[in-house]
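Spelled out, the chains give:
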Amino acid sequence: MSVQAVRLNHAVLYVSDLERSIAFYSEVLGMEVAAREPRANAAFLRLVRSGNHHDLGLFGIGARPPRPRGSIGLYHLAWQVDAIEDLEAARMLLAERDAYTGESSHGATKSIYGIDPDGNELEVMWMLPRAAWGEYEDTAPIERLDLPGEIRRWGGVATGSELRPVEATR
């Protein structure tokens, strides 16, 4: 029997400068500090609309050489937005901070990518309504994102609160 997890609750990152990372995640993702633990040089951040205690933990450990990209370990964290229009805002904000690294369509999800001050990759993504997954139900292509076209097609459609009903998992 497997553990019956329902979602990833939070992620935790080691960072070189705690205050710089708090500022980045507050400015880019609108997170707020939910708690601090000074003895561990740690902060726990929450997304404004989250019902979670914290969504991201940050532990400041001082300057260290960054882990080489593509090495074993975390690739990126993906943060879901409610509307496709939020991706355009994310792209502009990441670009303003010189943190934008790219974008792609994965069929059922549309994504913008960036890096935090320590080089950790983050993804800001929007998911199509579940009923529209169609051919993408069991695939995850990597294709060019036509964000203006996706906004014309999906503008005003909120999907951030779509969850799979418990009955469907049993």
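The rules we used
- Residues numbered from 1 in each chain as written.
- Predicted model: local features only at pLDDT ≥ 70, side-chain atom pairs only at ≥ 80, totals over all residues.
- Heavy atoms only, no water.
- Helix = DSSP H or I, 4+ residues; strand = E, 2+ residues; numbered from the N terminus.
- Polar contact = N/O pair within 3.5 Å; in protein donor to acceptor, adjacent residues only side chain to side chain.
- Contact = heavy atoms within 4.5 Å.
- Pairing = 2+ DSSP bridges.
- Axes fitted to C-alpha atoms, helices over the stretch in contact; angles between N-to-C directions.
- Buried < 20%, exposed > 50% of the residue type's maximum accessible area, 1.4 Å probe, protein only.
- Core = buried A, V, L, I, M, F, W, Y, C linked by side-chain atoms within 4.5 Å.

A.B. asks: Looking at this structure, how should I read the side chain of histidine 54?
C.D. replies: Assignment of secondary structure puts histidine 54 in the loop between strand 3 (42-46) and strand 4 (56-60). A polar contact of 2.9 Å, which involves the side chain of histidine 54, links it to the side chain of histidine 53. Excluding anything up to four places from it in sequence, histidine 54 contacts Asn9, His10, Phe44, Leu45 and Arg46.

A.B. asks: When you look at the sheet that holds strand 8 (residues 121-127) in this model, what are you seeing that I'm missing?
C.D. replies: In a beta sheet, neighbouring strands pair by backbone hydrogen bonds and run either parallel or antiparallel. Strands sit in the order 5-8-7-6 across an open sheet of 4 strands; the sheet is mixed. Each end of this open sheet is capped by a strand with a single partner; those strands are strand 5 (76-80) and strand 6 (100-105). Going from strand to strand, the sheet's axes swing by 20° on average, the running direction of each strand aside. Where strand 6 and strand 7 (residues 109-115) come together, 5 bridges link them in antiparallel fashion. Considered in strand 7, the bridge of glutamate 103 is made with isoleucine 112. Sheet strands touched by helix 2 (residues 85-96): strand 6, strand 7 and strand 8. Its angle to strand 7, the strand with the most contacts, is close to 15°.

A.B. asks: Can you walk me through the pairing of strand 5 in this structure?
C.D. replies: Remark: a regular strand shows side chains that alternate across the two faces of the sheet. A one-sided burial pattern is seen for strand 5, the buried positions being Leu77 and Trp79 and the unburied ones His76, Ala78 and Gln80. As paired strands, strand 5 and strand 8 are joined by 5 bridges and run parallel to one another. Of the residues in strand 8, the one forming a bridge with glutamine 80 is methionine 125.

A.B. asks: What is the right way to read the nonpolar core from this model?
C.D. replies: In terms of nonpolar packing, the biggest core is built from 33 residues, with Tyr25, Leu56, Leu58 and Leu87 touching the most fellow members. Broken down by element, this core gets its largest block of residues, 6 residues, from helix 1 (residues 18-29). Setting aside residues up to four positions removed in sequence, leucine 87 forms contacts with Val81, Lys110, Ser111, Ile112, Val124, Met125, Trp126 and Leu147.

A.B. asks: Hey, could you run me through the environment of alanine 11 in this one?
C.D. replies: By the element assignment, alanine 11 lies in strand 1 (residues 11-15). Sequence separation between alanine 11 and aspartate 55 is 44 residues, and the spatial gap between their C-alpha atoms is 6.4 Å. If near-sequence neighbours (up to four positions away) are discounted, alanine 11 is found in contact with Asp55, Leu56, Gly57 and Leu77.

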